[in-house]
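Each chain, letter by letter, is given below.
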Amino acid sequence: MSIPSRILYVNLTDGSSRAETIDPSLPRDLIGGYGINNKLAYDLMPPGIDPLSPENLIIIGAGPFAGTLVPGSAKILITTRFPINGAFATAAAGGSFALMLKSVGYDHVVISGRARDPVFLSLTEEKLELVDAGDLWGMDTYETDDALRSRYEPCSIIPIGPAGENLVKNSITFVDKAGTIGRGGLPAVMGSKNLKAIIVQLGKVPMRMTDRLTFHRLVNRLHDRIMSWPNRQVIQDNGLMPAPPDMSEVHRRTRRPLACPSCPLADKVMVCLDEGPYAGLRTYMPHISAHRFSAKNSTEAYEQSIKYSDALNRYGIGGTNFSGLFYSIVDLYQQGIITREDTGGIELKNDIETALELIRMTAYRKGLGEVLAEGPAEIERLVGERAIGSIAHIKGNAIVRDPRIGGLGTMEFEQMTTPRGAHIAAAGSPSYDPGRPFADFVRHGERMGVSAQALKWLEESGVFNPGRYSKYSEDWYALFNCLSLCNRAQVNRFYHIDTIAALYTAVTGIESSPEELMHIAERAWTIGKLLSVREGFDRRHDHAPVAWFHPLIRSGEEHRITDYDRTTNLTRGDLERFLDDYYDERGYDRVSGLPTREKLRELGLESMAEGLNLPEGR
Ligand code: SF4
């Protein structure tokens, strides 16, 4: 038996909607959130559409583990064409949305069109409504969440703030305030549709399960392992990324751990400031911002960091891109490369007041904010060649992991190859921390479903190669995204491909071997790649940023790009060779970086090659 998936289609232009059951054969070839989202995007969105047009779709998907007790099974996936770089890609977040969506009987929602006036989409088990959002328009993300929650709790909410309303390409939003989603302009896509929020109220559709006994046996075993893991308490005490030592005391005092449904790790954080200049501030954040601005002591630096993150969150502006831009333009200003004439008369200083003012200007696209709203690549267009290298970005998204600090692991490398542009959620295992012995990579490869043949090959090579290894790490993450499973390191580490295969069968009734699941994950990843190939993305877009080949100065120390072991400095040529290896391992053409027709046949995707200029083989 396999469990049917239901899709709800909503057209904002005329308010119509219809529900469909997915072809039951599809879940055997593609799974849930990521896989079926990508297939829907490929089939329903023609190439070349404007991300901010009614033709762009917002495709929401919850995988088969969503809503169950599988630890960390809370991810909601949203696929769209992102305005910041034109990439068709998928964003993921925790929170309750995936569980709530299942509870009203749907696995996917496809939103098209553009409402004439601001609305929010409200979904219950009984009905879908487009409700006038005139009273919410102009509110920030938290205010919108509070206003809707006071009316509809228990529910899950994805709102937009002023940045989304004003079509800021560097916008971001949140699921239930704490789960970041849509970096690179999902809120702008919602804003372009006059869609202020999406809300699902808790329904009563029971979770579907084929073999409850096996399911509970597997889940109990996972829970026991997680609960007895010593680092669980460390994460709950300090957060995912601990504050710098001088801020850790105030951080511990002001933070409260939060968890997604089903997750015993609880690494999300609410911060409550009860004293100081921002007393009364309540905000949500994954970690402490590294920005110290011009604070005189560590408590002041901490409070400013929280205030800074809170302002970004409320307006709905992507923090990584904005921070990269902020430091870049302040630096360019202080060097005299840009002047008051370029900034619209504003003096740029590295202080909290300047940062808050630029955040506000970005959200409303005022003055210099018009440039910052467009994202990191825009600064190069404003300043020209002198700005190239001042901010490290890939496909228009600022990098999140810098190999000049931690060496080139998979998490750093995959920022080049992921179709979405620099990001942390496309790959990583197991090189989160520098300096792991090579034997760990072989052991984790086995856990991550790397084939015996590939494992043997990797083992015989004797050295960690981020290009070759990233292929497997990306596929592993793709599998997690298909299933709605959180792929953060502290969840990911407890899963073995055999456990996932057994859970998948227990939940869905579909017998899938570990090899078949990894094949399905690779297929989902490749459809995601083809969505970008259709738009003209190829190897030229996968290059390392210029900034990586310039020294990075931190606390007076110079850092250069090194290999993962931090023993050898890397050159641009080394990075290009890793890219060659990556395409080889994927079975793609290394000259163009494109999937070959031969590869698509192997994955059963040959029909998708139609109309694409793909190489036949390698
Ligand atoms: S690890 Fe964090 S983001 Fe992932 S499911 Fe748990 S609480 Fe949510």
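Scope of this entry: the structure provided in the associated data block.

## Digging into the site of the ligand
- The ligand sits among G72, A259, C260, C263, D267, K268, C486, R488 and V491.
- Across the shell around the ligand, the residue classes break down as five nonpolar, one polar and three charged.
- Here the shell around the ligand spans two domains, since at least three of its residues come from each of domain 2 (212-315) and domain 4 (403-609).

## Things to note about the pattern of salt bridges
- Per the counting criterion, the structure on display carries 47 salt bridges.
- Residue E370 is joined to R365 by a salt bridge in which the shortest nitrogen-to-oxygen separation is 2.4 Å.
- Taking relative accessible area as the criterion, E370 reaches 38% and is therefore assigned partly exposed.
- Under the relative-accessibility criterion, R365 is labelled buried at 17%.
- With a shortest N-O distance of 2.8 Å, R539 and E576 are connected by a salt bridge. Taken together, the residues R539 in the loop between α23 (514-533) and β18 (552-554) and E576 in helix α24 (residues 572-586) connect sequence positions 37 residues apart.
- Judged by relative accessible area, R539 falls into the buried class, the value being 9%.
- When salt bridges that share partners are traced, they join K471, E474, D475, E522, R586, K599 and E602 into one network.

## Notes on the packing of helix α11 (residues 319-334) against helix α15 (residues 376-383)
- The contact between α11 and α15 brings their axes to 9 Å, and the two run at 25 degrees. Our classification of the angle between α11 and α15 gives roughly parallel. On α15, the residues touching N321, L325, I329 and L332 of α11 are P376, I379 and V383.
- Across the contact of α11 with α15, the residue classes break down as six nonpolar, one polar and no charged.

## Brief notes about the packing of helix α22 (residues 497-508) against α23
- For the pair α22 and α23, interaxial distance at closest approach is 9 Å and the crossing angle is 90 degrees. In terms of their interaxial angle, α22 and α23 are classed as roughly perpendicular. Facing I497, D498, I500, A501 and Y504 of α22, the residues of α23 in contact are P514, L517 and M518.
- Here the contact of α22 with α23 is built from residues that sort into seven nonpolar, no polar and one charged.

## Things to note about helix α8 (residues 230-238)
- Buried within α8 are the following residues: R232, I235, Q236 and N238.
- Where α8 is buried, its residues contact α7 (212-227), α9 (248-254), β13 (255-258) and α21 (489-492).

## Observations concerning the sheet that holds strand β5 (residues 88-93)
- Ordered in space as β2-β1-β6-β3-β4-β5, the six strands form an open sheet in which the pairing is mixed. The open sheet is flanked by β2 (17-21) and β5, the only strands paired with a single partner. Averaged over all pairs of adjacent strands, the angle between strand axes in this sheet comes to 20 degrees, irrespective of strand direction.
- Direction of pairing for strand β3 (residues 58-61) relative to strand β4 (residues 76-81): antiparallel, over a ladder of three bridges. Paired with I60 across the two strands is I78, which belongs to β4.

About the criteria used
- Residues numbered from 1 in each chain as written.
- Predicted model: local features only at pLDDT ≥ 70, side-chain atom pairs only at ≥ 80, totals over all residues.
- Heavy atoms only, no water.
- Near = heavy atom within 4 Å.
- Nonpolar A, V, L, I, M, F, W, Y, C, P; charged D, E, K, R; others polar.
- Domains from an automatic or database assignment.
- Salt bridge = Lys/Arg side-chain N within 4 Å of Asp/Glu carboxyl O.
- Buried < 20%, exposed > 50% of the residue type's maximum accessible area, 1.4 Å probe, protein only.
- Helix = DSSP H or I, 4+ residues; strand = E, 2+ residues; numbered from the N terminus.
- Axes fitted to C-alpha atoms, helices over the stretch in contact; angles between N-to-C directions.
- Parallel < 35°, antiparallel > 145°, perpendicular 65-115°, else oblique.
- Contact = heavy atoms within 4.5 Å.
- Pairing = 2+ DSSP bridges.

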